[in-house]
Amino acid sequence: MKFSYNWMAELVSGLEATPQELMRLITIKTAECDGVEPFGEHLSNVVAARVLEAEDIPGSHNRKALIDAGALGRHTVVCGAPNCRAGITTAWVQPGTSLGGKQIGRRMFDAIESAGMLASAAELGINKDNEGIVELGDLAPGTPLPRLTPDHVIEVDNKSLTHRPDLWGHHGMAREVAAITGAKLLEPANVSLIPTTPSPVAVSIEDLQLCPRYSALLFENVTVQPSPLWLQQRLQAVGLNPINNIVDVTNFVMAELGQPMHAFDADKLASPAIYVRNAHQDETFTALNGETYTLTPASLVIADAKGAIALAGVIGGMDSAIGDGTTRLLLESANFHAASIRRTSSRLKLRTDASMRFEKSQDPVNTVRGIARAIELLQEVSPGIRMVGGLADAAAPSKPAPVIELRMDWLIRKLGRPIEASQVRNILEALRFEVKDANEGVFEVTVPSWRATKDISIKDDLVEEVGRMIGYATIDPVAPLVPTHPPADNPRRRHFRALRALAAAEGYTEVYNYSFVSEETAQRFGLPGEAHIKVANPISADQGLLRISLVPGIWRNVTENSKYLDTFQLFEIGHEIHRHDGPLANEVPHLVAAVYERHGNTGPFYEAKRLASCMLPGCETRPATAQLHEHPSRAAEVLWRGQTVGRLFEFHPNFVTGRAAVLDLNIAAMEAIGPVEKRYQPIRRFPSSEFDLSVISGKRALVGEIESQIVSFAGAMLESIAFLRQYEGAPLPEGSKSVSFQLSVAARDRTLASEEVAGIRDTIINGMRGLGYDMRV
């Protein structure tokens, strides 16, 4: 959210704080600011200049212009604008001015020295019109551009304003600034301008819960034209695009008072009656953005006798839009139910400046103030405009202002520091709360309407108001003295932490992914769409389904990280969300890990298998039929204590560039099997003996099966077996491979003699040969 310093200075009389100091005060006491940036610094060096002569430069598209800049003298300027002509008054940027990151000086163009430049409105930062130099009418040469001055824009983090609908306009922030600095707040809206005669417009509201108030005023003798440059610059400074004088006024009021407004071309309406109702099923509506939407009764619309003319609180309609030929307009200033606007905006994926404000719960009282402010502005930007009749104002019965009892002893205890009652009163009254003495040491605080919409409702809220204004730095930090109880043991959480610690210790980096996938992603991974639970109100188009696998998420991590890294190892612990017959989904915890090497071979696969062995000691792998996203010859099931608990595979080459292996473990299945019982083993007192064995097998023989067969022949003396290497090539026969292992054997009561070690080795060799294997001995 952007706030203009100049704009707030107009609303706070005697504001002395610099933009940087004001940003600091707002951050400390009201809302977090992201920064402050200068806007239009060059405008102090821009004056009006009249073109006295303009002639074409032979062989160039530029023109040579002689300008009169009043007291600054006459100058020659080379200009390429098509509307540069004698008699025009335009904007002259003086030499030495920094404009758009460039230094404007005296330069040679087409062998002619040019002093400064004649600028378009886009170059001045007033609007986006760069078709020609700006035309200023009868402005006297040498005078500054009227009401166009350098400004500073303070950027406030939107997330810190979500609970403060009153701060979505400059006047609301100016109210805070006035309270912080002790200056006087000025009221820009003069409600006495609103005529009290009957209105020719009838307003009917179908549901006052969805539309608590709808105000409208009819105007005639309207002239649609560009807004004055000061108004365009003011909108541009806060991120709003100037369009025309009528639309710009509605946007100006929205930015100043936080009250979204809309203008209809009254001659395009089917009747003088306005209906605020729910949309009909499958009712179509063409919006100002040119898109046509099919609506449901869940959306609120503004309608005339023929149909919808606006999507309430979101966007106006194309059929009733203001155009160059508009002469009569109906000005709308309304209030809508926050949740209704939010649901409509999300469902249609249509978020506008108006919807962002309405979904914060705006003040219904503000609609009339918006009309009043617009009257004053329209009379300035559209000379001769006239109001027709009075204000049409349909509203729900007003609710009494909330009154909160605030005890000083409770406030001091809650605040954590002493404070005088007079100081509390001054703070609350500066923030426009009404404060009365109920009893000694007790205040009755009446909440203003703009703070009563889901903001201030209980006494704890008032403590926050006092605390932020005195400054939290004035409160000594003291740890709360409260009884504590150790939480009950949570085995699953303990298990998750152990898995995280183990994966991190093995060199893996944890990632967190959303629990959503798109239909396109699900289809690519061969995951049936009907198996997913659809999100009723997705935050984006690519997050419409609840995930039934963590693999698409880790694939996306691999894809993105592979753009910058040649090797990395990632893991995530999360939940697969499956359909269930009960009222809730079935959430199954999984761990998924990925190992990536851009120029790797089998390394990632064996590294992922090693991680599985660390997490599941004694686990085995068994070849499995590859799924759509898996490498056809590198997919396996992971078995632990005889039960399948996950999968180990490489991504199909169509999915990644390089080699990426994935380990996907079902944590719930691991927990169901239970931990391995641990028994005490005394420290071995006698040395072990090692020897290597190489088994020649078929090329497709599984190393795990070979290892299991060796173990079966080794007997009780076998202490450990480790895979060493695999070799293919001469002098081995074609289609075969040599698999080498290192075995360690030992006895607990003695050192094995060399004859015993040789006997164990011979038993293994003879047993393996009996199974048809050749041995390299």
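Residues numbered from 1 in each chain as written. Predicted model: local features only at pLDDT ≥ 70, side-chain atom pairs only at ≥ 80, totals over all residues. Heavy atoms only, no water.

Visitor: Would you take a moment to explain the overall build of the chain for this structure?
Guide: The number of helices and strands found in the chain is 19 helices and 41 strands. Relative to the globule expectation of 28 Å for 777 residues, the C-alpha radius of gyration of the chain, 38 Å, shows a markedly less compact shape. Expressed as lengths along the three principal axes of its C-alpha atoms, the size of the chain is roughly 115 × 85 × 60 Å. Put simply, 68% of the contacts in the chain that link residues at least 6 apart link residues at least 24 apart. As displayed, the chain offers around 38200 Å² of accessible surface, 51% of which is attributable to carbon and sulfur atoms. Each charge sign in the chain was given a centre, from 77 positive and 92 negative side chains, and these centres are 4 Å apart. (Helix = DSSP H or I, 4+ residues; strand = E, 2+ residues; numbered from the N terminus. Rg over C-alpha atoms; globule rule 2.2 N^0.38 Å. Contact = heavy atoms within 4.5 Å. Areas by Shrake-Rupley, 256 points an atom, 1.4 Å probe, with all protein chains shown as cover. Lys, Arg positive; Asp, Glu negative; His and termini not counted. Charge placed at Lys NZ, Arg CZ, Asp CG, Glu CD.)

Visitor: Would you explain the side chain of S340 in this entry?
Guide: Take S340: it is sitting in helix α7 (residues 338–347). If sequence neighbours within four positions are ignored, S340 has contacts with L210, A298 and L300.

Visitor: How should I be thinking about unusual backbone geometry in this particular structure?
Guide: With the exception of glycine, the majority of residues adopt a negative phi angle, and the majority of peptide bonds are in the trans configuration. Here A730 and P731 are connected by a cis peptide whose omega angle stands at 10°. By the element assignment, P731 lies in the loop between β39 (718–727) and β40 (736–745). If you check the backbone angles, D110 has positive phi at about 55° while not being a glycine. Positionally, D110 belongs in the loop between β10 (106–109) and β11 (112–115). Not every positive phi belongs to a glycine, and D282 is a case in point at roughly 65°.

Visitor: Explanation requested: the sheet that holds strand β29 (residues 509–510) in the structure shown.
Guide: Within a sheet, each strand pairs with its neighbour through backbone hydrogen bonds, oriented either parallel or antiparallel. In space, the 7 strands of this open sheet follow the order β29-β32-β33-β37-β36-β35-β34, with mixed pairing throughout. Two strands close off the open sheet at either side, each with one partner strand: β29 and β34 (620–623). The sheet contact formed by strand β35 (residues 630–640) and strand β36 (residues 643–651) spans 7 bridges and is antiparallel. Pairing of A636 across the sheet is with L648, part of β36. Running over the sheet, helix α15 (residues 551–561) touches β32 (567–578), β33 (586–597), β36 and β37 (659–666) and is turned about 155° from β32. Against the sheet, helix α16 (residues 603–615) makes contact with β32, β33, β34, β35, β36 and β37, and its axis sits at roughly 20° relative to β37, the strand it touches most. (Pairing = 2+ DSSP bridges. Axes fitted to C-alpha atoms, helices over the stretch in contact; angles between N-to-C directions.)

Visitor: Before we go on, may I ask you to explain the domain arrangement of the chain in this structure?
Guide: Often, the extent of an interface is quoted as the loss of accessible area upon association of its parts. Per the domain assignment, the segments of the chain are domain 1 (2–40 + 151–185), domain 2 (41–124), domain 3 (195–395), domain 4 (403–468), domain 5 (492–673) and domain 6 (689–776). Centre-to-centre, using C-alpha coordinates, domain 3 lies 50 Å away from domain 5. (Domains from an automatic or database assignment.)

Visitor: Quick question: what am I supposed to make of the packing of aromatic side chains here?
Guide: Each aromatic ring pair is summarised here by two numbers: the centre-to-centre distance and the angle between the ring planes. Tallied over the full model, the rule gives 12 aromatic pairs. Measuring from centroid to centroid gives 5.1 Å for F336 and F358, while their planes differ by 75°, and the two rings are edge-to-face. Within this pair, whereas F336 is found in the loop between β24 (329–335) and α7, its partner F358 is found in helix α8 (residues 353–358), the two being separated by 22 residues in sequence. By the burial criterion, F336 is buried, and F358 matches it. A ring pair is formed by F651 and F655, whose centres lie 6.4 Å apart and whose planes are at 10°; its orientation type is stacked. Chaining the aromatic ring pairs together yields one cluster made of F525, W555, F649, F651 and F655. Here R524 stacks its cationic end above the ring of F655, 4.5 Å away from the centre of that ring. Stacked on the ring of W640, the Lys or Arg R641 has its end atom at 5.3 Å from the ring centre. (Phe/Tyr/Trp six-rings, centres within 6.5 Å; stacked < 30°, edge-to-face > 60°. Buried < 20%, exposed > 50% of the residue type's maximum accessible area, 1.4 Å probe, protein only. Lys NZ or Arg CZ within 6 Å of the ring centre and 35° of its normal.)

Visitor: Even after reading the chapter, I still don't get α7, so can you show me in this structure?
Guide: Side chains three or four residues apart in an α-helix point the same way, a direct result of the helix having 3.6 residues per turn. Every buried residue belonging to α7 is among A338, S340, I341, T344, S345 and S346, and all of these are buried. Looking at the buried side of α7, the elements it contacts are β21 (300–303), β22 (308–311) and α8. Positive backbone phi, approximately 55°, marks K349, located one or two places after α7.

Visitor: When you look at the state of the cysteines in this model, what are you seeing that I'm missing?
Guide: Note: disulfide means a covalent bond formed between the sulfur atoms of two cysteine side chains. Using the criterion set out here, one finds 0 disulfides in the structure. With no disulfide partner, C614 has as its closest neighbouring cysteine sulfur the one in C619, 9.1 Å distant. A relative accessible area of 29% means that C614 is categorised as partly exposed. (Disulfide = S-S within 2.5 Å.)

Visitor: What's the story with the sheet that holds β39 in this structure? I'm lost.
Guide: Ordered in space as β39-β40-β38-β41, the 4 strands form an open sheet in which the pairing is antiparallel. Since the sheet does not close on itself, it has two edges, and those belong to β39 and β41 (774–776), each with one partner. Neighbour-to-neighbour, the strand axes of this sheet turn through a mean angle of 30°, independent of strand direction. Sheet topology places strand β38 (residues 689–698) next to β41; 3 bridges connect them, and they run antiparallel. The residue bridging S694 from the neighbouring strand is R776, located in β41. The sheet contacts of helix α19 (residues 754–770) involve β38, β40 and β41, and relative to β38 the element is tilted by about 10°.

Visitor: Hey, could you run me through the packing of helix α5 (residues 229–237) against helix α6 (residues 245–257) in this one?
Guide: To characterise two packed helices, one gives the angle between the axes of the helices and the distance between these axes. At their nearest, the axes of α5 and α6 sit 10 Å apart, and the two run at 50° to each other. Judged by the inter-axis angle, α5 sits oblique to α6. For the crossing formed where α5 meets α6, the hand is left-handed. Each of W230, L231, Q232, R234 and L235 in α5 lies in contact with α6, whose residues at this interface are D248, N251 and F252. The class makeup of the residues in the contact of α5 with α6 is 4 nonpolar, 2 polar and 2 charged. (Parallel < 35°, antiparallel > 145°, perpendicular 65-115°, else oblique. Left-handed = near helix turned anticlockwise from the far one by under 90°. Nonpolar A, V, L, I, M, F, W, Y, C, P; charged D, E, K, R; others polar.)

Visitor: Could you clarify how one ought to interpret the side chain of R547 in this entry?
Guide: Within the secondary structure, R547 sits in the loop between β31 (545–546) and α15. Here Y514 takes part through its backbone oxygen, which lies 3.5 Å from a polar atom of the side chain of R547. In this view, R547 contacts N513, Y514, S515, F516, V517, H532, E572, G574, H575, E576 and I577; residues no more than four positions away in its chain are not counted. (Polar contact = N/O pair within 3.5 Å; in protein donor to acceptor, adjacent residues only side chain to side chain.)

Visitor: How do you make sense of α16 when you look at a structure like this?
Guide: Under the 1.5 Å per step criterion, the end-to-end length of α16 is 19 Å for 13 residues, consistent within 8% with the ideal 18 Å. All of the buried residues along α16 are P604, F605, E607, A608, L611, A612 and M615. Projected onto a plane normal to the axis of α16, the buried residues spread over an arc of 165° and lie on a single side. On its buried side, α16 packs onto α13 (491–505), β32, β33, β35, β36 and β37. (Expected span 1.5 Å × (residues − 1). Arc of directions from axis to C-beta.)

Visitor: Explain the environment of P682 here, please?
Guide: Among the structural elements, P682 can be located in the loop between α17 (667–673) and β38. Judged by its relative accessible area of 41%, P682 is partly exposed. For the pair formed by P682 and I88, sequence separation is 594 residues and the distance between their alpha carbons is 101 Å.

Visitor: When you look at the packing of α6 against helix α9 (residues 366–381) in this model, what are you seeing that I'm missing?
Guide: Between α6 and α9, whose axes approach to 9 Å, the crossing angle comes to 135°. Looking at the two axes, α6 sits oblique to α9. For the pair α6 and α9, the sense of crossing is right-handed. Contact with α6, carried on its side by N245, I246, V249, F252, V253, E256 and L257, involves N366, R369, G370, R373, A374, L377, L378 and V381 of α9 and no other residues of that element. Counted by class, the contact of α6 with α9 contains 9 nonpolar, 3 polar and 3 charged residues.

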